[in-house]
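Per-entry structural report
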Amino acid sequence: MTTYFRPLPRSEVTRPKDAQPLAGGPLWFSDAVALRRDAAPEVIPAKEIPDDILARLTASRAPVAGLDMSDVTVMGILNVTPDSFSDGGRYLDPEAAVAQARHMISEGAGLIDIGGESTRPGAATVPSEEEIRRVAGPIAALAEGLDVPISIDTRKASVAGAALTAGAAIVNDVSGFTHDPALAELCANHAVPVCVMHAQGDPQTMQNDPRYDDVRLDVYDFLSDRINALEAAGIARERIIVDPGIGFGKTIDHNLMLLSDMSLFHGLGCPILLGASRKRFIGTITGADAADRRVMGSVAVALHAAAQGVQIMRVHDVDETRQALAMWQAIVRGHG
């Protein structure tokens with residue numbers, strides 16, 4: 001039976017002699033939780049973790065599209081769609097989209113994620129031609145003279161190809177590269193970083209009674225299998241980002257369990273992206289029905305994720321998240 005290891009991250013400046021760096025970042029750990037499907041969790045010293053897994057837990061992550069993965073990057077969400085759950089229709093106009101992206105960059109976004117197909121629960125698939133029409137113009141306008149990389153949020157090879165031609169630098173697939181068999185080969189040929197996300201089902205069906213044996217371990221196994229498949233397709237592990245897919249085929253309890261044990265996913269040896277911003281479970285817990293009232297709950301999730309070593313925060317509210325992370329980092333490092 002497979003044993004999984006979840007490091008217990010700490011941030012104190014003074015470290016014991018046996019401290020291990022977490023993913024090459026500012027956090028460290030000296031203990032971990034050993035998780036098995038057939039046994040109770042057990043806290044063990046880090047020195048008992050097998051060498052190959054410990055190496056993945058501790059190794060520095062390679063830069064992604066020029067971004068330093070030893071720090072936290074804020075990824076600004078730009079939905080050029082009429083029906084996204086939080087801001088559907090506000091940035092469908094190309095000029096409005098470009099202005100919003102520039103605004104998020106001015107607030108501190110180190111990465112912009114542009115999507116032309118809503119993946120909210122119940123959303124229908126958008127034809128490739130329409131998706132390309134929505135994203136290509138804003139990407140081309142933003143790529144000209146900007147130092148901030150652009151990620152294309154799509155499940156389709158044709159859309160990703162058009163976005164890469166327009167200037168995108170990362171491909172972010174919410175289907176975990178299971179929707180379009182041609183997408184992995186395209187990304188390998190372009191030698192671009194990719195983000196592989198876990199989702200149970202597609203956007204139309206994913207919230208119809210999702211179930212898991214153990215959501216943490218099931219998601220970990222899925223991501224591990226997809227990493228292996230992407231490596232076989234010619235995409236090096238150092239170019240792969242993983243996303244556990246908060247809200248994509250998960251109940252509130254599933255989401256909370258994944259967030260609580262987020263450091264588990266460092267064992268995959270890849271940077272972690274978290275996209276929980278303004279999602280419905282935050283509103284359910286906090287009582288904030290409207291998506292734009294879930295800012296503080298979203299920031300709280302981002303701070304928890306940072307304390308788990310997550311490297312990329314995908315958010316709607318860039319300035320609020322950046323301010324909170326700046327304070328957290330100053331406290332962790334002991335200086336401003």
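A short tour of the structure in this document, coming up.

Rules used in this analysis
- Per chain, residues are indexed from 1 in the order of the written sequence.
- For this predicted model, a pLDDT threshold of at least 70 governs which residues receive local features, and a threshold of 80 or more governs which side-chain atom pairs are given and counted, while totals over whole chains, interfaces and linings are taken from all residues.
- To get the side-chain values, all heavy atoms of the structure are used, and hydrogens and water are removed first.
- DSSP-based pairing: two strands are paired if at least 2 bridges between them are found.
- Working definition: helices are DSSP H or I runs of at least four residues, strands are E runs of at least two. Numbering for both runs from the N terminus.
- A contact between two residues is defined here by any heavy atoms of the two lying within 4.5 Å.
- To define axes, lines are fitted to C-alpha atoms, for helices over the stretch in contact only, and angles between the resulting N-to-C directions are given on a 0 to 180 degree scale.
- Burial here depends on accessible area, computed with a 1.4 Å probe over protein chains only, as a share of the maximum for the residue type. Under 20% is buried, over 50% is exposed, and the range in between is partly exposed.
- Throughout, right-handed denotes a crossover for which the path from the first strand over the helix to the second runs clockwise when the strands point away from the viewer.
- The arc refers to the directions leading from the helix axis to the C-beta atoms.
- For this analysis, a salt bridge means a side-chain nitrogen from Lys or Arg found within 4 Å of a carboxyl oxygen belonging to Asp or Glu.
- Any angle that is under 35 degrees is reported as roughly parallel, and any over 145 degrees as roughly antiparallel; angles of 65 to 115 degrees are reported as roughly perpendicular and all others as oblique.
- Note: crossing handedness is left-handed where the near helix turns anticlockwise from the far helix by less than a right angle, and right-handed where it turns clockwise.
- Gly is put with the polar residues, along with every residue not named as nonpolar or charged; the nonpolar set is Ala, Val, Leu, Ile, Met, Phe, Trp, Tyr, Cys and Pro, and the charged set is Asp, Glu, Lys and Arg.

Some points on the sheet that holds strand β6 (residues 73-79)
Taking strand neighbours across the sheet as the criterion, the eight strands line up as β11-β10-β9-β8-β7-β6-β13-β12 in an open arrangement whose pairing is parallel. Only two strands of the sheet have a single partner each, and these edge strands are β11 (240-243) and β12 (273-274). Note that β12 and strand β13 (residues 312-315) share two bridges and pair parallel. Residue pairing for β13: leucine 274 is matched across the bridge by methionine 313. With respect to the sheet, helix α3 (residues 128-143) is in contact with β6, β7 (111-115) and β8 (150-153), its orientation differing from that of β8 by roughly 175°. Relative to β6, helix α10 (residues 318-333) is tilted by about 170°, and along the sheet it contacts β6 and β13.

Comments concerning the sheet that holds strand β5 (residues 39-45)
On the basis of which strands lie adjacent, the open sheet formed by three strands has the order β1-β4-β5 and antiparallel pairing. Two strands bound the open sheet, and with one partner strand each, they are β1 (3-7) and β5. With strand direction ignored, the average angle separating the axes of adjacent strands in the sheet is 25°. Pairing of β1 with strand β4 (residues 31-36), which is carried by five bridges, proceeds in the antiparallel orientation. Bridging from a neighbouring strand, proline 7 pairs with alanine 32 of β4.

Digging into the pairing of β8
Residues of β8 alternate between two faces, with Ile150 and Ile152 on one and Ser151 and Asp153 on the opposite face, all of them buried. In terms of strand pairing, β7 meets β8 through four bridges, oriented parallel. From the neighbouring strand, aspartate 113 faces β8, where its bridge partner is serine 151. Where β8 lies against strand β9 (residues 170-173), three bridges are found, and the strand directions are parallel. Following the sheet pairing, serine 151 is matched in β9 by isoleucine 170. For the segment spanning β8, helix α4 (residues 157-166) and β9, crossover handedness is right-handed.

Looking at helix α1 (residues 51-58)
Residues of α1 that are buried: Leu54, Leu57 and Thr58. Each buried residue of α1 sits inside an arc of 85° when the element is viewed along its axis, so together they form one side. Buried residues in α1 make contact with β1, β2 (20-21) and β3 (28-29).

Some points on the pattern of salt bridges
Following the criterion strictly, the structure yields 18 salt bridges and no others. Among the salt bridges present, the one from glutamate 130 reaches arginine 134, with a minimum N-O distance of 2.9 Å. Here arginine 134 and glutamate 130 lie together in helix α3, a separation of four residues that amounts to about one turn. Residue class for glutamate 130 comes out partly exposed when judged on its relative accessible area of 24%. Residues joined in a network through salt bridges with shared partners are Arg6, Asp214, Arg216 and Asp261.

Regarding the packing of helix α2 (residues 94-107) against α3
Between α2 and α3, the shortest axis-to-axis distance is 9 Å and the interhelical angle comes to 40°. On the basis of their axis angle, the class for α2 and α3 is oblique. Here α2 and α3 pass one another in a crossing that is right-handed. Contacts from Pro94, Ala97, Val98, Ala101 and Arg102 of α2 reach α3 at Pro138, Ala141 and Leu142. For the contact of α2 with α3, the class distribution of residues is seven nonpolar, no polar and one charged.

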